[in-house]
Amino acid sequence: MTMKLLVATDAHIFRTPDGKHWCKSIYGYDFWKRYMDVFDEVRIVARMKDVPFMEGKKLLVDGDRVEVFGIPFYQGPKQLAFKYMPIQKALANVDEGCDAALLRMPSQTATMVWKHLRKGIPLAGEIVYDLTDDVNQKGANPIVKILNRMQSNNLAKFCLKANGVSYVTEKSIQEHYPSYARLHGEDSEHFETFYSTITLSDNAFTGTRDFSNHNGVTLVLSSVAMNSERKGEKILIKAVKTCRDRGYDVKAIIIGDGTLRSSFEGYAKELGITDFVEFTGLLPSSDEVRKVMMRADMFVFPTQGEGLPRGILEAMAIGMPVLSTPVGGIPEVIDRKYLFDPMDSDAYANEVCRLLDHKEKLTEMSKKNFEKSLEFRNELLQTKRNEFYGKLKALCRGETNSEH
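For clarity, every value in this text was computed on a predicted model and none was experimentally measured.

Each value, and the rule that gives it
Residues numbered from 1 in each chain as written. Predicted model: local features only at pLDDT ≥ 70, side-chain atom pairs only at ≥ 80, totals over all residues. Heavy atoms only, no water. Helix = DSSP H or I, 4+ residues; strand = E, 2+ residues; numbered from the N terminus. Buried < 20%, exposed > 50% of the residue type's maximum accessible area, 1.4 Å probe, protein only. Polar contact = N/O pair within 3.5 Å; in protein donor to acceptor, adjacent residues only side chain to side chain. Contact = heavy atoms within 4.5 Å. Axes fitted to C-alpha atoms, helices over the stretch in contact; angles between N-to-C directions. Parallel < 35°, antiparallel > 145°, perpendicular 65-115°, else oblique. Left-handed = near helix turned anticlockwise from the far one by under 90°. Nonpolar A, V, L, I, M, F, W, Y, C, P; charged D, E, K, R; others polar. Salt bridge = Lys/Arg side-chain N within 4 Å of Asp/Glu carboxyl O.

### Concerning the side chain of Thr169
Then, number 1: Considering the arrangement of structural elements, one finds Thr169 in the loop between β8 (164-167) and α6 (172-176).
Then, number 2: Thr169 sits in the buried class, given a relative accessible area of 0%.
Then, number 3: Within the structure, Thr169 has its side chain in polar contact with the backbone nitrogen of Ile173 (distance 3.1 Å).
Then, number 4: A distance of 2.7 Å separates the side chain of Thr169 from the side chain of Gln174, its partner in a polar contact.
Then, number 5: Other than its neighbours up to four places away in sequence, Thr169 contacts Gln174, Phe194, Gly307, Gly328, Gly329 and Glu332.

### Here we look at the packing of helix α8 (residues 233-245) against helix α12 (residues 345-357)
Then, number 1: Look at α8 against α12: their axes get within 8 Å of each other, and the N-to-C directions meet at 50°. As summarised for this structure, α8 and α12 are arranged oblique, according to the angle between their axes. Note on packing geometry: the crossing formed by α8 with α12 is right-handed. Only Ser345, Asp346, Tyr348, Ala349, Val352 and Cys353 of α12 make contact with α8, whose side of the interface consists of Ile235, Lys238, Ala239, Thr242 and Cys243.

### Considering the packing of α8 against helix α9 (residues 261-270)
Then, number 1: Running from N to C, α8 and α9 point in directions that differ by 15°, and their axes come no closer than 10 Å. Considering their axes alone, α8 and α9 lie roughly parallel with respect to each other. Helix-helix and strand crossings are classified by hand; for α8 and α9 the assignment is right-handed. Contacts between α8 and α9 involve Glu233, Lys234, Ile237 and Lys238 from the former and Ser263, Phe264, Tyr267 and Ala268 from the latter.
Then, number 2: Here the residues of the contact of α8 with α9 are counted per class, giving four nonpolar, one polar and three charged.

### Concerning the pattern of salt bridges
Then, number 1: Applying the stated criterion across every chain, the model contains 25 salt bridges.
Then, number 2: The shortest N-O distance in the salt bridge between Arg15 and Asp50 comes to 2.6 Å. Here Asp50 lies in strand β3 (residues 41-50) and Arg15 lies in strand β1 (residues 4-15), a separation of 35 residues in the sequence.
Then, number 3: The class of Arg15 is partly exposed, set by a relative accessible area of 30%.
Then, number 4: Relative accessible area serves as the criterion here: at 51%, Asp50 is assigned to the exposed category.
Then, number 5: Among the salt bridges present, the one from Glu306 reaches Lys231, with a minimum N-O distance of 2.5 Å. Residue Glu306 is located in the loop between β13 (298-300) and α11 (310-317), and its partner Lys231 is located in the loop between β10 (216-225) and α8; the two are separated by 75 residues in the primary sequence.

### Focus: unusual backbone geometry
Then, number 1: Put simply, Met105 and Pro106 share a cis peptide bond, and its omega is -5°.
Then, number 2: Along the chain, Pro106 turns up in the loop between β6 (100-105) and α3 (108-116).
Then, number 3: With a phi close to 70°, Ile26 is a non-glycine residue in the positive phi region.
Then, number 4: When you line up the elements, Ile26 lands in the loop between β2 (21-23) and α1 (29-32).
Then, number 5: Ile26 sits in the partly exposed class, given a relative accessible area of 30%.
Then, number 6: Although it is not a glycine, Arg65 sits at a positive phi angle of roughly 70°.
Then, number 7: Tracing the sequence through the fold places Arg65 in the loop between β4 (59-60) and β5 (66-72).

It is worth stressing that arrangement in space is one thing and function is another; only the former is reported here.
Okay, structure coming up:
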């Protein structure tokens, strides 16, 4: 019997006139293979936009045993409000022919899909982001605060309703958004686990680094979408300026693209450090991201909210020291003494300068981070994923978890 899994995600998918589906990063065909170790077919539910051609670097979504169920494309709450009714109409029979559903949460798209799933369909979630920091964000405008609270409440309800819940963190997100299994114990219909959703192939692990001969450093930050200041691009740029003003040879590479890229470029120009901050644009694959990151020395990520960011894990796998913030699951992989307030550019500058004065610390960080990254080898993560997906599949057959 063929078993089909519905997967809802916040991916942006683009359809060209030849009927092919594309994305700009992450969600290419290789991403969806992880579900087909257990399920026979996958239906992707995501925002879709028709385009005359796909410019720039891109990934093909289409492939054997994968179908795309596109809903009207939107970006941000204003566009969602305008497209809301057409989206609801499109989702009327979203799970027809599917045996189970897995929602990658939190996600506005996935939440809307959830409301349209038929009663009793086996349901699981992969929780990829901790909304707690968004809810507690200081200085947010009232509308954003309301939307964050609504999204947080939806996530909390989902974790209690889903049969299975997997988190990208080992402890932090599940403490804020507990599953039914966590509160009431696992049974034949409720289960919980944790694993990163990142895919790190064998060639992603390059070993440790020796910083004893470094007279300067290039910092790198990887942000998929530069549509807000929450990933810390300006904080990094300001830190580079401070370090250079103190006489340290510090540069930066910023990976990503979005509506605020020109603003960030303008900020670097305003500070007079354009020659020392490189913007690469969006890179579609982890292999291309890694090539750029290999040209840098230290990953600096002043983010205001996360789950367990793939950029940090990618950096650790190539032996990079990491400076970041104590949000989401980051403290589970990075020593807290290297985590700072996301708005404190001076703290990042001070630490970069201190580490350049004590290069043996950089080498020590490299070794520790690389060793930790080995826990995220894909073969280990896929084993945990398959076990989780297997429990979901067992519900489709009416089997108990004890039989697996």
